[in-house]
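Chain residues, written in single-letter form:
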Amino acid sequence: MWRYGYPALMKGFIDRTFLPEIAFAPIEGKSMPKKLLKGKSAIVIITADTPKWYDYIFMKRPTINQFKKGILEFCVIKPIKVTYIAPLNNSSLAYRKKWLDKVYLLGEQLR
């Protein structure tokens, strides 16, 4: 997460992968397109320096909402599991290792 959004590199990746005729198909005369990713699921891993409670209570989870609702759910990707890793700034090696182990296990579940 970067300034309560996702970084430009991630935005560029989304713009180049969630394309018409791949993620959705425009329907002439309709405001909503046909969703082409039905049956797909997602694991979203967010790293940040903002504590989870602050992002949730005060900021209302803008990064998660934008990516989950504006991109993934728009293309009918479900279920979506979100893992929020924070704060990372000044975190201990043990804290980062614990999260790396958890992320590794999330990846193993995809096999």
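The structure presented is a predicted model; accordingly, all values stated were derived computationally and were not measured.

**Focus on the packing of aromatic side chains**
All chains considered together, the criterion is met by five aromatic pairs. Judged by centre distance (5.8 Å) and plane angle (80 degrees), the rings of tryptophan 53 and tyrosine 54 are edge-to-face. Its relative accessible area of 52% is what places tryptophan 53 among the exposed residues. Here tyrosine 54 falls in the partly exposed class, since its relative accessible area comes to 31%. Pairwise contacts between aromatic rings join Trp53, Tyr54 and Phe58 into one cluster. Cation over ring: lysine 35 sits above phenylalanine 74, and NZ or CZ is 3.9 Å from the ring centre.

**Thoughts on the side chain of serine 91**
Residue position: serine 91 is located in the loop between strand 4 (80–85) and helix 4 (93–108). Within the structure, serine 91 has its side chain in polar contact with the backbone oxygen of leucine 88 (distance 2.8 Å).

**Digging into helix 3 (residues 62–72)**
Among the residues of helix 3, those classed as buried are Thr63, Ile64, Phe67, Ile71 and Leu72. The buried residues of helix 3 occupy an angular sector of 105 degrees when projected down its axis, which confines them to one face. On its buried side, helix 3 packs onto helix 1 (8–17), strand 3 (42–47), helix 2 (52–57) and strand 4.

**Some details on the side chain of threonine 63**
Mapped onto the elements of the fold, threonine 63 is located in helix 3. Overall, threonine 63 belongs to the buried group, its relative accessible area being 5%. Excluding anything up to four places from it in sequence, threonine 63 contacts Met1, Tyr4, Gly5, Tyr6 and Ile46.

**Focus: the layout of surface pockets**
In this structure, the largest pocket spans a volume of roughly 360 Å³. Along the wall of the largest pocket there are 19 residues; nearest its centre are Met10, Val44, Ile45, Ile46 and Phe67. When contributions to the lining of the largest pocket are tallied by element, the ones reaching two or more residues are strand 3 and helix 3. Take the lining of the largest pocket: its biggest share by element is six residues, from strand 3. Split by residue class, the lining of the largest pocket holds 15 nonpolar, three polar and one charged.

**Concerning the nonpolar core**
Residues Phe67, Leu72 and Ile77 are the most contacted members of the largest nonpolar core, which totals 18 residues. Mapped by element, the contributors of at least two residues to this core are strand 3, helix 3 and strand 4. In this structure, phenylalanine 67 is in contact with Tyr6, Met10, Ile14, Val44 and Leu72, ignoring residues within four places of it in sequence.

Reading the values: rules and limits
- Sequence order sets the numbering: in each chain, residues are counted from 1 along the sequence as written.
- Only residues with pLDDT of at least 70 get local features here, since the model is predicted, and only at 80 or more are side-chain atom pairs given and counted; chain-wide, interface and lining totals rely on the full set of residues.
- For the side-chain quantities, the full set of heavy atoms in the structure was used; hydrogens and water were omitted.
- Pairing of aromatic side chains here covers Phe, Tyr and the six-membered ring of Trp, requires ring centres within 6.5 Å, and sorts the geometry by plane angle: under 30 degrees stacked, over 60 edge-to-face, intermediate tilted.
- Only protein chains enter the accessibility calculation, which uses a 1.4 Å probe; a residue is then buried when its area is under 20% of its type maximum, exposed when over 50%, and partly exposed in between.
- By definition, being over a ring means that NZ of Lys or CZ of Arg is both within 6 Å of the ring centre and within 35 degrees of the ring normal.
- Secondary structure is summarised from DSSP: a helix means a run of H or I of at least four residues, a strand means a run of E of at least two, and numbering begins at the N terminus for each.
- Nitrogen and oxygen atoms within 3.5 Å of one another constitute a polar contact, given that in protein one can donate a hydrogen and the other can accept it, and given that sequence-neighbouring residues count only through two side-chain atoms.
- Each direction from the helix axis to a C-beta atom contributes to the arc, which is the arc of those directions.
- Contacts were defined at the residue level, with two residues in contact if any of their heavy atoms lie within 4.5 Å.
- Here a cavity means grid points, on a 1 Å grid over the protein atoms only, where a 1.4 Å probe fits yet cannot get out; a pocket means an open set of points with protein on both sides within 12 Å along at least five of seven lines; lining residues are those with an atom within 4 Å of a point.
- Grid points are joined across faces, edges and corners, and a volume is the space filled by probe spheres set on the points.
- Following the grouping adopted for this structure description, the nonpolar residues are Ala, Val, Leu, Ile, Met, Phe, Trp, Tyr, Cys and Pro, the charged ones are Asp, Glu, Lys and Arg, and the polar ones are all others, Gly among them.
- To form a nonpolar core, buried Ala, Val, Leu, Ile, Met, Phe, Trp, Tyr and Cys residues must be joined to one another through side-chain atoms within 4.5 Å.

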